[in-house]
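Now for the letters of each chain:
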Amino acid sequence: MIDVLTETPVQEPQRIRGLEMPWNRVMGSIEGPASAAKALGPWHPQEFMAECVETVPEAGGMMTFVFRRCDGAPLAFRAGQYVNIAFPVNGEDLEPVDRSYSLSSSPTEPWTFNVTVKRDPGGLVSPWVHENVRPGTVLDMLGPVGAFHLPDADRRARYLFLAAGAGITPIMSMLRTIHSLPGTADVVVLYHGAEAGGFAFHRELAYIASVDSRIKVFYALGDRGRPEDWEGFTGRLTAAMIDEVAPDANGRQVYSCGPEGYLNTATELLKNVGVDDTSIYMEFFSGDRQTLLEYQAELALAADIAEEIADEIAESAEDYFESQPAAFGIYEPGYDEDGTLQATGLPLEAAAPASAEAAGSATEAATPDASSFDTVGTGSLTLSFMRTGINVRIDPEEHILEVAQRAGVRIGANCKEGMCGSCKVVKLSGEIDMNHQGGIRKREIDAGKFLPCCSTARTDMVIDA
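Residues numbered from 1 in each chain as written. Predicted model: local features only at pLDDT ≥ 70, side-chain atom pairs only at ≥ 80, totals over all residues. Heavy atoms only, no water.

So, about the overall build of the protein chain. A tally of helices and strands in the protein chain yields 11 helices and 23 strands. In the protein chain, which comprises 465 residues, the proportion classed as buried is 42%. Looking at the protein chain alone, contacts between residues at least 24 apart form 65% of all its contacts between residues at least 6 apart. On the protein chain, roughly 24400 Å² of surface is accessible, and the fraction owed to carbon and sulfur atoms is 51%. (Helix = DSSP H or I, 4+ residues; strand = E, 2+ residues; numbered from the N terminus. Buried < 20%, exposed > 50% of the residue type's maximum accessible area, 1.4 Å probe, protein only. Contact = heavy atoms within 4.5 Å. Areas by Shrake-Rupley, 256 points an atom, 1.4 Å probe, with all protein chains shown as cover.)

Shown next as structure tokens:
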């Protein structure tokens, strides 16, 4: 029997020079397949829906939520970026509350992605997220967003990562990315926490540091008292502490994330040890009004970009797959006249009945009688919501989405101005006036779809919602 625990000398891996993200050559290529990949536009922010598939408790009052996109596409992002998420904190029918959270997973595994949230007992959103987001929860997202990320290629990949508290989340994404890639990186992490047992990801960090000679991890306990067996640093960040973990800090790219006070201190200390401003990258988890305004501007720009390229992405992907010879048998995402099919599956359809009598029974069972629904509201027109099973009386000038939400009909909505298309539903009968701003295609309108956020009814209507 072989003793697997016996230590034997292990040679260092042979690696390529520097660090290069796997997509870098795709982005720079003009060859056919690479151009097709670029045409998908995965590096731009997009509006999409994502389903939570797993929750993982972390130390330090944090929770990791693992998501996958509902449309089945991977989420392409750069390590360190964040997504903006709409949380229905006040109820499904009321305006959601948006928050931005860093992605903590590696973009080299894009089919699922992680968001790690620290619970703030006095906060509005984070307690709700911890208590309500579970596998199966679907949320509207915008992303990826942010300039705080690793470069696509770095011939001299030498980094100093400074993190405090929840600031470890984007740093974790960077570490996981570097660990998953070849390349001669040299990484030092200095992680400040409030208490010895409160360092999120500490088991994984210990593992990565133990098997990847490129990465070193150091811990510090801030101003708190330390346990007797504590072997890390104690006290706030100092120049001496930086110099001890990374005496060559002035030759490294420094990425730092944490509270505003911590980052302000880090900025001054890094100057003291000779790090040039151009080598320092900061991500604030809290900040003054100017910082918040900068983030708002960044998100607004991301939303504009997402809107501009949404149609282009769909058209390019569809054209690319349609141009491929059938003999190749390559994977092709499903399309129909309405666009990309959702990964959640095609709409359910009744199986073909065995007889004419059965067919009549099945049709009768599948089509509820709207006259049996409860009717609420007042007005000259009637909207029948077949899935919800309710009739709503409205005035012709009322927007249909507002009426639906007031009546408890669940229809997703984001921009509410006819731009994003997130509220798109099928009109089974009736006439509308719709004033959209690009959120719906002609072929979708021809197929009976409309945007209730920017539509009013001209006649009685029956809606598949």
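Once you've had a look at it, read on.
Bringing the sheet that holds strand β19 (residues 425–429) into the picture now. Spatial ordering of the open sheet is given by β16-β18-β17-β23-β19-β21, a layout of six strands whose pairing is mixed. Edge positions in the sheet fall to β16 (374–377) and β21 (449–450), since each of these pairs with one other strand and no more. Bridge count for strand β17 (residues 381–385) against strand β23 (residues 461–464) is three bridges, and the pairing is parallel. Across the sheet, Leu383 pairs through a bridge with Met461, a residue of β23. (Pairing = 2+ DSSP bridges.)

Take a negative patch on the surface next. On the surface, Glu47, Asp304, Glu307 and Glu308 cluster together into a patch of negative charge. The biggest single contributor to the negative patch is helix α8 (residues 289–323), with three residues. (Patch = residues over 30% accessible without salt bridge, like charges linked within 9 Å, V, L, I, M, F, W, Y side chains within 5 Å. Salt bridge = Lys/Arg side-chain N within 4 Å of Asp/Glu carboxyl O. Lys, Arg positive; Asp, Glu negative; His and termini not counted. Charge placed at Lys NZ, Arg CZ, Asp CG, Glu CD.)

Attention shifts here to the pattern of salt bridges. Overall, the coordinates contain 14 salt bridges when judged by the stated rule. The salt bridge involving Asp248 is made with Arg158; its shortest N-O contact spans 2.0 Å. Of this pair, Asp248 sits in the loop between α6 (239–245) and β12 (253–258) while Arg158 sits in strand β9 (residues 158–164); the two residues are 90 residues apart in sequence, bridging distant segments of the chain. Residue classification places Asp248 among the partly exposed positions, given a relative accessible area of 25%. Of the charged contacts in the structure, one is a salt bridge between Arg176 and Glu204, with a shortest N-O distance of 2.6 Å. One end of the pair, Arg176, is in helix α4 (residues 168–180); the other, Glu204, is in helix α5 (residues 202–211), with 28 residues separating them in the sequence. The exposure class of Arg176 is buried, given its relative accessible area of 16%.

Evaluation of the coordinates by the stated rule reveals 14 aromatic pairs. Seen from their ring centres, Phe148 and Tyr255 are 5.6 Å apart, and the 70 degrees between their planes marks the pair as edge-to-face. With a gap of 107 residues between them, Phe148 in the loop between β7 (138–145) and β8 (153–154) and Tyr255 in strand β12 connect regions that are remote in the sequence. Neither Phe148 nor Tyr255 differs from the other in exposure class; each is buried. Both rings, one in Tyr255 and one in Tyr281, keep their centres 4.6 Å apart while their planes meet at 15 degrees; by these two values the pair is stacked. (Phe/Tyr/Trp six-rings, centres within 6.5 Å; stacked < 30°, edge-to-face > 60°.)

Before going further, it helps to examine the packing of α4 against α5. Their axes nearest at 11 Å, the elements α4 and α5 cross at an angle of 35 degrees. The two elements α4 and α5 cross, and the hand of that crossing is left-handed. Contacts between α4 and α5 pair Met172, Leu175, Arg176 and His179 from the former with Glu204, Leu205, Tyr207, Ile208 and Val211 from the latter. Among the residues forming the contact of α4 with α5, the class breakdown is six nonpolar, one polar and two charged. (Axes fitted to C-alpha atoms, helices over the stretch in contact; angles between N-to-C directions. Left-handed = near helix turned anticlockwise from the far one by under 90°. Nonpolar A, V, L, I, M, F, W, Y, C, P; charged D, E, K, R; others polar.)

In the sheet, β12 pairs with strand β13 (residues 280–284) via five bridges, with the strands oriented parallel. Bridging across to β13, Ser256 finds its partner in Met282. After leaving β12, the chain enters helix α7 (residues 260–272) and then returns to the sheet as β13, a path that is right-handed. (Right-handed = clockwise from strand over helix to strand, strands pointing away.)

Bringing the nonpolar core into the picture now. Formed by 35 residues in total, the largest nonpolar core has its most connected members in Leu150, Tyr159, Phe161, Ile171, Val187 and Tyr191. Going through the elements one at a time, β9, α4, β10 (186–192), α5, β11 (215–220) and β12 are the ones with two or more residues in this core. Here this core takes six residues from α4, the largest share from any one element. Setting aside chain neighbours within four positions, we find Tyr159 in contact with Leu19, Leu150, Pro151, Asp154, Ile178, Asp186, Val187, Val188, Arg252, Gln253 and Tyr255. (Core = buried A, V, L, I, M, F, W, Y, C linked by side-chain atoms within 4.5 Å.)

Strand order in this open sheet of five strands is β11-β10-β9-β12-β13, and the pairing throughout is parallel. The outermost strands of the open sheet, each flanked by one partner alone, are β11 and β13. Averaged over all neighbouring strand pairs, the angle between strand axes comes to 15 degrees, with direction disregarded. The pairing of β9 with β10 spans seven bridges and is classified as parallel. Counterpart to Tyr159 in the pairing with β10 is Val187. Against the sheet, α5 contacts β10 and β11, and its axis sits at roughly 140 degrees relative to β11.

The next point concerns unusual backbone geometry. In this structure, Pro144 follows Gly143 across a cis peptide bond, with omega equal to 5 degrees. If you trace the backbone, Pro144 turns up in strand β7.

Our focus in this paragraph is the pairing of β23. In β23, alternate side chains face the same way, and those of Met461 and Ile463 are buried while those of Val462 and Asp464 on the opposite face are not. Across three bridges, the pairing between β19 and β23 is antiparallel. Considered in β23, the bridge of Val426 is made with Asp464.

Assignment of secondary structure puts Ser102 in strand β5 (residues 97–102). Exposure remark for Ser102: the relative accessible area of 5% places this residue in the buried category.

For the rest of this paragraph, the subject is the state of the cysteines. Two cysteines, two sulfur atoms, one covalent bond between them: this is a disulfide. Inspection of every chain in the model, using the stated rule, returns zero disulfides. Unpaired in terms of disulfides, Cys454 finds its nearest cysteine sulfur in Cys453, a separation of 4.1 Å. A residue is classified by how much of its surface remains accessible, and Cys454, at 8% relative accessible area, is buried. (Disulfide = S-S within 2.5 Å.)

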